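Spelled out from the first residue to the last, the chains are:
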Amino acid sequence: MTITRRSLAFAGALLAGIAAMPVGAATAQELKIGLAAEPSSADPHFHNLTPNNQVARHIFETLISQDEFQRLGVGLAQSWKLIDDLTWEFSLRPNVKFHDGSPFTADDVIFSFNRVPNVPKSPAPKTSFIRGKTLEKVNDLTLRIKTPSPYPLMLNDLAQIEIMSAKAAANVTTEDLNAGKGTVGTGPYQFVEFVPGDRLVLKRNDAHWAGKPAWEKVTFRFIKADPTRVAALLSGDVDVIENVPSADVTRLKSDNRVTVSSALSNRLIYLHMDRLRDDTPFIKAKDGSAIKNPFNNLKVRQALSMALNRQAIVDRIMEGEAVVAGQLLPDIYQGTSRTLKPVAYNVDGARKLLAEAGFPNGFSLTIHGPNGRYPNDTKVIEAVAQMFTRVGIDTKVETLPPAVFFSRASTGGPNRTPEFSMILAGWSAGTGEASGSLGPLLGTFDAQAGIGSANRGRYSNPEVDALLKKALATVNDGERAKLLAQGTEVAINDVGLIPVYYNKNTWAARKGLKVIGRTDEYTLAMSITR
Amino acid sequence: MLAFIIRRVAQALFVVLAMVVIVFFGTYVVGDPVWMMVPGDATQEQVEQVRREFGFDKPVYLQFMLFVADVLQGEFGRSYVHGGSAIGLILDRMPATLELAFVALVMAIVIGMPLGLFAGLKPDHPAARAIMAGSILGFSLPTFWVGLMLIMFFSVMLGWLPATGRGPTTTILGIETSLLTLQGWKHIALPALNLALLKISLVIRLARSGTREASLQDYVKFARAKGLSPRRIVGVHILKNIMIPIVTVLGLEFGSLVAFSIVTETIFAWPGMGKLLLESIQRLDRPLIVAYVMVVVLLFVTINLIVDILYSALDPRVRLAGKNE
Amino acid sequence: MSDLTLTKKAEAPQKAKGEFARFVERFLEDRVAVFGLALISVIVLLAVLAPLIAPQNPYDLGRVDIMDSRQPPGAQALDGFTMWLGSDGVGRDLWSGILYGLRISLMVGLVSGLIAACLGLVIGLVAAYFGGRIENVIMRIVDLQLSLPSVLVALILVALLGKGVDKIILALVVVQWAYYARTVRGSALVERRKEYVEAARSLGLSHTRTMLRHILPNCLAPVIVIATVQTAHAISLEATLSFLGVGLPQTEPSLGVLISNGFQYMLSGKYWISFFPGVALLLTIVGINLVGDRLRDVLNPRLEK
């Protein structure tokens, strides 16, 4: 009897067309996201790292926002103008309320900027984004920021500083914020709880100025192991996962319970060559005798770039989840070159260039790289080694745990110089434009000026430096972009480093959800819609 | 007995001291932790600022002294990455790991002992041979591989059990546990089994070889001849005989269960201290590593103490170390 | 029973040859063990002959080609040969990879197991036999060792020495010896107090002689149990360390590296990348254990009928 009634009801539901709803739909107001890395804290100013920043973006907002392509837009500042070369004036969004109901004013901005350098024991402070800026309150909703010299990256910097409540966050510590005390922002979601190692829970901020957010409750689960994250999605533990391993993309795309979306990343995978020393430690003649550093010869560098079959690496190792690279950033970004293309694969050409450079029989080389830092990193290094071996360079591979690799690659040599002869590494431009790549990677190493900080090959070219310096002092966007593109072309044609590919960021979600992929690798509940 | 315990505790302090030295210099040679703290695009200036803040720019001996000073203050310093008290972070995660190790240990005994006894009593029975062959599977395949297989089978294909995480927890008598709810058991089943597999095999083997030896001993033969019931022979004579090696090994294994939970916790996203340790090692978070090792040393010393006392209870011929001579 | 053992062991040197023959005979009585021995022999033979029978040298980066990567079993390689077990993520022929990987895995497992067992045996015996302060110091070092996570030990060794077969063997010895020492001490403590040891001592035999001739043989059974388990475990521990990125170099893979490389493909449907190396590892370990189990039964004086 019961059974009959139930099946009748079921049939009725079928007729009404609602039985096709997936099981998960009952709790569709809750969104569960499986993250690959967990934030080290809920304090937005504590640790400037992607896992922390992406969670902070839900609770806190910045004066300037970045869209999915990292293009700058209005945030808590609704308009701005340059009063003179050194002074910016921002008008703040009116009627914005913090989660505790207090109004947002210029005082909160000043409080937040003052807090940034005063977070004790911060493993990666955000101080570089506030450096040189003097804040001045005009009225509750108007703010002026002064710099000592013209500063074109003002808006990029402001997009990195989360605004906390001067009232709620006064005198709270990082541990207080982890426990939810003072974790009060203006963002679309409110902090509920943070259980380190397990989850971080948010709830909807119904009073958000941009309207009611889509999800009542958002739970981030931290699932580090790649296949487990995929399994968690397939078994229904979570609704969305980030960093889908390339090995599983093909299968997930053909699974009709799942949708996969991806976005081109701002992360370049590249090879850096030692240009610092005349005798580089990991290059020898094939018979083991010492030779002069061959990387000082442009033809050798060109030959190595030519020996790479980038498309094969993208297709066979990355399984299509990458794009071949010809410069430092994909050309959708400001300041990139329109003319640079990936160097074509040409084994004979590479051999010929090597012969012309005086290495008809090649030499032997060890490439170093991290294991487990970038997707498929060890396999990519092995593929690169295969390709170099084919043009006559006996190539060995040594992959090291990131904790060992980055320390040695940066300062492992004598006098805290880089240790290795050739490394594979990755770089993403946090600023979302070309100076964020060209300066650190290929500018002449200068600790004082903050240039060349990731230049582990110590490439140095005065022409590039001059163009870069000029660009960094040019406030006009179009002109600056032109200068940066020019600098990139000079450095890449001189093979200051060998670009290999740009990563893609990939998300997978249960059917019915749509994820708008972001170039900055952030996974945001705001980008996930039904 | 009291003197024995006091002596042991004093020795434990020396072990702890040696540990601090080993961990400090061990992680020092691995690399500069600053590279695991700052974002990839940090400028040289930022890197130097962080190194100064944490004292990584000081000479080794000075860093070591500062480090020891932190440890002696009782908090084992503050985690580089998380900022909180290192020992606090470890203790927060400890209940989850102990719970997992405990369930795994119980699984090992409950599953391993009867199978091992059976295989020992009837060594030529086909089922006994199957048990022994099956037990080889337990330790031949790497934990991470088996773990993912379990997830694939029970979570993805059958959909019976959740793939990741820990169930809802409740606190009773000051102990935080997820074992009071069905949901909690569902969450712990797969990771505990994964962790227990190696131990099940070990218990099967130890129980089997112990049983075989014991059943050939004179007193068992004698008991049989006397017509004692098989149940009594197994229950009293054989079980008692095989308990010693099993108690030793399991005592030890509880420690190694905690230590080995690193891989299982990572695969199953179990929020325990093993997962935290792996992350800390990968990020060279020295204070956290030391705090973890400290906790494990204490655990081992306690277990060893209990095992040694149990020894003397189970077998009067064994004297407590340090009591004689 | 104990005095019986004493006599027999005391007579052992004179009758060494006869005893060995008897040992072989007893070993061969068990058909399953013979099967295990045959299995291990075939595996060792394959490993030794790998350079002759493998269609590809999987360590030669000039011959491994990523264009061959992820091919299913039976596919044709660009070099013309057939990859009967398919290929891995960088285009390495899995059959060749397994043959070469066996060499490394067997070496790593056996060598590290042997060294750790000997070391642990001696240390454990010394601790139990002398007792007192020596025992205390040794056992606290054992505690120290057992509380150090193996990942940390391996990471430190990788940082100090780099990656390599010899380094991983060292790491595994460091990780394993304490297990043996702890177990041996446990059994030796029991043996030490038995009458035959007292007898040997009162006869004025030297410490070394008493330990090696009298206590050691009676502690061997648990050591062999642990050893067969640990050797197998060492091989899979090496896989786990490689999985965590502190094991062997990627370009010269052991079975463990092959399996951990295949890990990421397990959900993708390309089962063969970790399945076949897994089967090879399984067969190896089954073989070792079948032989080990029988050895233990034959060697154990207390199991003689």
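Our structure's up above, just so we're on the same page.
Only a predicted model underlies this, so the values are computations on that prediction, with no experimental measurement involved.

Asks: Please explain the overall build of chain A as it appears in this structure.
Replies: A count of helical and extended segments in chain A gives 16 helices and 22 strands. Taken over 530 residues, chain A has a buried fraction of 60%. Residue pairs at least 24 apart in sequence account for 69% of intrachain contacts in chain A once pairs closer than 6 positions are excluded. Summed over its atoms, the accessible surface of chain A is roughly 19,900 Å², and 54% of this surface lies on carbon and sulfur atoms.

Asks: I'm lost on the overall build of chain C in this one. Help?
Replies: Check the secondary structure of chain C and you find 12 helices and two strands. Starting at the N terminus and ending at the C terminus, chain C contains elements arranged as α-α-α-α-β-β-α-α-α-α-α-α-α-α. In terms of principal-axis extent, the alpha carbons of chain C reach across some 75 × 45 × 30 Å. The buried share of chain C, taken over its 305 residues, is 63%. Contacts in chain C between residues at least 24 apart in sequence constitute 71% of all its contacts with a sequence separation of at least 6. As displayed, chain C has an accessible area near 11,500 Å², and 67% of this comes from carbon and sulfur atoms.

Asks: Mind showing me how you'd approach the interface of chain A and chain B here?
Replies: Bring the parts together and some accessible area is lost; that lost area is often taken as the interface size. Each side of the interface is counted separately: chain A has 47 residues, and chain B has 47 residues. Summed over both partners, the interface of chain A with chain B buries about 3,900 Å², with 53% contributed by carbon and sulfur atoms. Of all residues in chain A, A:Lys121, A:Lys224 and A:Ala403 give up the largest surface area on contact with chain B, accounting jointly for 15% of the area buried on that side. Applying the counting rule to chain A against chain B returns 17 residue pairs in polar contact (both at pLDDT 80 or more). Broken down by secondary-structure element, the contributors of at least two residues to the side of chain A that touches chain B are α4 (127-130), β12 (217-222), α7 (226-234), α13 (402-411) and β19 (422-428) of chain A.

Asks: Would you mind going over the interface of chain C and chain B with me for this structure?
Replies: Between chain C and chain B, the residue contacts involve 61 residues of the former and 67 residues of the latter. Buried area between chain C and chain B, both sides added, is near 5,900 Å², and the carbon and sulfur share of it is 70%. Per-residue buried area on chain C facing chain B is highest for C:Arg140, C:Arg182 and C:Met266; these three make up 11% of the total on that side. Between the two partners, chain C and chain B, sit one salt bridge. B:Arg129 is paired through a salt bridge with C:Asp30; the nearest N and O atoms lie 3.2 Å apart. In this assembly, chain C and chain B are joined by four residue pairs in polar contact (both at pLDDT 80 or more).

Asks: What's the story with the pattern of salt bridges in this structure? I'm lost.
Replies: If the charged atoms of two oppositely charged side chains come close together, the side chains can form a pair. Residue and element names in this part refer to chain A. In the structure shown here, the tally under the stated rule is 44 salt bridges over all chains. The shortest N-O distance in the salt bridge between lysine 217 and glutamate 30 comes to 3.9 Å. One end of the pair, lysine 217, is in strand β12; the other, glutamate 30, is in strand β1 (residues 30-35), with 187 residues separating them in the sequence. Of the residues examined, lysine 217 reaches a relative accessible area of 35% and is grouped as partly exposed. Given the relative accessible area of 22%, glutamate 30 is considered partly exposed. A salt bridge links lysine 137 to aspartate 140, with the shortest nitrogen-to-oxygen separation between them at 3.0 Å.

Asks: Teacher, can you tell me more about empty space enclosed by the protein here?
Replies: In this approach the atoms are scanned with a rolling probe the size of a water molecule, which exposes any empty space left behind. Taken as a whole and judged by the stated rule, the model has nine cavities of 30 Å³ or more. There is about 270 Å³ of room inside the largest cavity. Lining the largest cavity are 22 residues, and of these B:Ala259, B:Phe260, C:Ser150, C:Val175 and C:Tyr179 lie nearest its centre. Those elements that provide at least two residues to the lining of the largest cavity are α10 (230-267) of chain B together with α6 (132-147), α7 (150-161), α8 (165-192) and α10 (207-243) of chain C. Of all the elements, α10(B) adds the most residues to the lining of the largest cavity, at six residues. A class-by-class count of the residues in the lining of the largest cavity yields 15 nonpolar, seven polar and no charged. Each pocket or cavity is described by its volume, and for the second largest cavity that value is around 170 Å³. Around the second largest cavity, the lining is made up of 17 residues, and of these B:Gly138, B:Thr143, B:Asn194, B:Leu198 and C:His233 lie nearest the centre. Contributing elements (two or more residues each) for the lining of the second largest cavity: α6 (126-140), α7 (143-157), α8 (182-216) and α10 of chain B together with α10 of chain C. Per-element accounting of the lining of the second largest cavity gives the leading share, five residues, to α8(B). The residue inventory of the lining of the second largest cavity, partitioned by class, reads 10 nonpolar, six polar and one charged.

Asks: Sorry if this is basic, but what is going on with the nonpolar core here?
Replies: Soluble globular proteins tend to pack their nonpolar side chains together in the buried interior. If you look at the biggest cluster of nonpolar residues, it comprises 280 residues, and the most contacted ones within it are A:Ile313 and A:Phe388. If you look at the next biggest cluster of nonpolar residues, it comprises 30 residues, including A:Ala56, A:Phe111, A:Leu177 and A:Tyr189.

Asks: Even after reading the chapter, I still don't get the packing of α10(C) against helix α11 (residues 255-262) of chain C, so can you show me in this structure?
Replies: Residue and element names in this part refer to chain C. Axis separation between α10 and α11 bottoms out at 8 Å; the angle between their running directions is 45°. One finds that α10 runs oblique with respect to α11. Crossing geometry of α10 relative to α11 is assigned as right-handed. Counted together, Glu238, Ala239, Ser242 and Phe243 of α10 and Gly256, Val257 and Ser260 of α11 form the full contact between these two elements. Within the contact of α10 with α11, the residues separate by chemical class into three nonpolar, three polar and one charged.

Asks: Would you explain the environment of C:Leu255 in this entry?
Replies: Residues and elements named next belong to chain C. Relative to the elements of secondary structure, leucine 255 occurs in helix α11. Counting along the chain gives 31 residues from leucine 255 to valine 286, while the straight-line C-alpha distance between them is 15 Å. Apart from the residues within four sequence positions on either side, leucine 255 is in contact with Ile98, Gly101, Leu102, Ser105, Pro277, Ala280 and Leu281.

Asks: I keep staring at the environment of A:Ala56 and nothing clicks. Help me out?
Replies: Residues and elements named next belong to chain A. With respect to the helices and strands, alanine 56 occurs in helix α2 (residues 50-59). Residue classification places alanine 56 among the buried positions, given a relative accessible area of 4%. Once the C-alpha coordinates of alanine 56 and alanine 42 are considered, the two residues, 14 residues apart in sequence, prove to be 7.0 Å apart. Once residues within four sequence positions are removed from consideration, alanine 56 is found in contact with Pro44 and Glu162.

Asks: I'm lost on the sheet that holds strand β8 (residues 142-146) of chain A in this one. Help?
Replies: Paired through their backbone hydrogen bonds, the strands of a sheet run either parallel or antiparallel. Residues and elements named next belong to chain A. In space, the four strands of this open sheet follow the order β5-β6-β8-β7, with antiparallel pairing throughout. What marks the edges here is a single partner per strand, and that holds for β5 (77-84) and β7 (134-139). Going from strand to strand, the sheet's axes swing by 25° on average, the running direction of each strand aside. Two elements, β7 and β8, share five bridges in a ladder whose sense is antiparallel. Considered in β8, the bridge of lysine 137 is made with leucine 143.

Asks: Is there a simple way to think about the pairing of strand β17 (residues 364-370) of chain A in this case?
Replies: On a regular strand, one side chain projects to one face of the sheet and the next to the other, so that they alternate. Residues and elements named next belong to chain A. Of all seven residues in β17, seven are buried, a share of seventy percent or more. Of the two faces of β17, the one carrying Ser364, Thr366, His368 and Pro370 and the one carrying Leu365, Ile367 and Gly369 are both buried. Where strand β15 (residues 283-284) and β17 come together, two bridges link them in antiparallel fashion. Looking at the pairing, isoleucine 283 lines up with leucine 365 of β17. Sheet analysis places β17 next to strand β18 (residues 394-400), joined by seven bridges and oriented parallel. In the sheet register, glycine 369 faces β18, and the bridge partner there is threonine 399. Chirality of the crossover, the property in question, places the unit of β17, helix α12 (residues 377-390) and β18 among those that are right-handed. Summarising the sheet, β17 and β19 pair through two bridges and their orientation is parallel.

Quick notes on the rules
- Residues numbered from 1 in each chain as written.
- Chains lettered and ligands numbered in written order.
- Predicted model: local features only at pLDDT ≥ 70, side-chain atom pairs only at ≥ 80, totals over all residues.
- Heavy atoms only, no water.
- Helix = DSSP H or I, 4+ residues; strand = E, 2+ residues; numbered from the N terminus.
- Buried < 20%, exposed > 50% of the residue type's maximum accessible area, 1.4 Å probe, protein only.
- Contact = heavy atoms within 4.5 Å.
- Areas by Shrake-Rupley, 256 points an atom, 1.4 Å probe, with all protein chains shown as cover.
- Buried area = accessible area lost by both parts, 1.4 Å probe.
- Polar contact = N/O pair within 3.5 Å; in protein donor to acceptor, adjacent residues only side chain to side chain.
- Salt bridge = Lys/Arg side-chain N within 4 Å of Asp/Glu carboxyl O.
- 1 Å grid on protein atoms, 1.4 Å probe; cavity = no way out; pocket = protein on both sides within 12 Å on 5 of 7 lines; lining within 4 Å.
- Points joined across faces, edges and corners; volume = space filled by probe spheres on them.
- Nonpolar A, V, L, I, M, F, W, Y, C, P; charged D, E, K, R; others polar.
- Core = buried A, V, L, I, M, F, W, Y, C linked by side-chain atoms within 4.5 Å.
- Axes fitted to C-alpha atoms, helices over the stretch in contact; angles between N-to-C directions.
- Parallel < 35°, antiparallel > 145°, perpendicular 65-115°, else oblique.
- Left-handed = near helix turned anticlockwise from the far one by under 90°.
- Pairing = 2+ DSSP bridges.
- Right-handed = clockwise from strand over helix to strand, strands pointing away.

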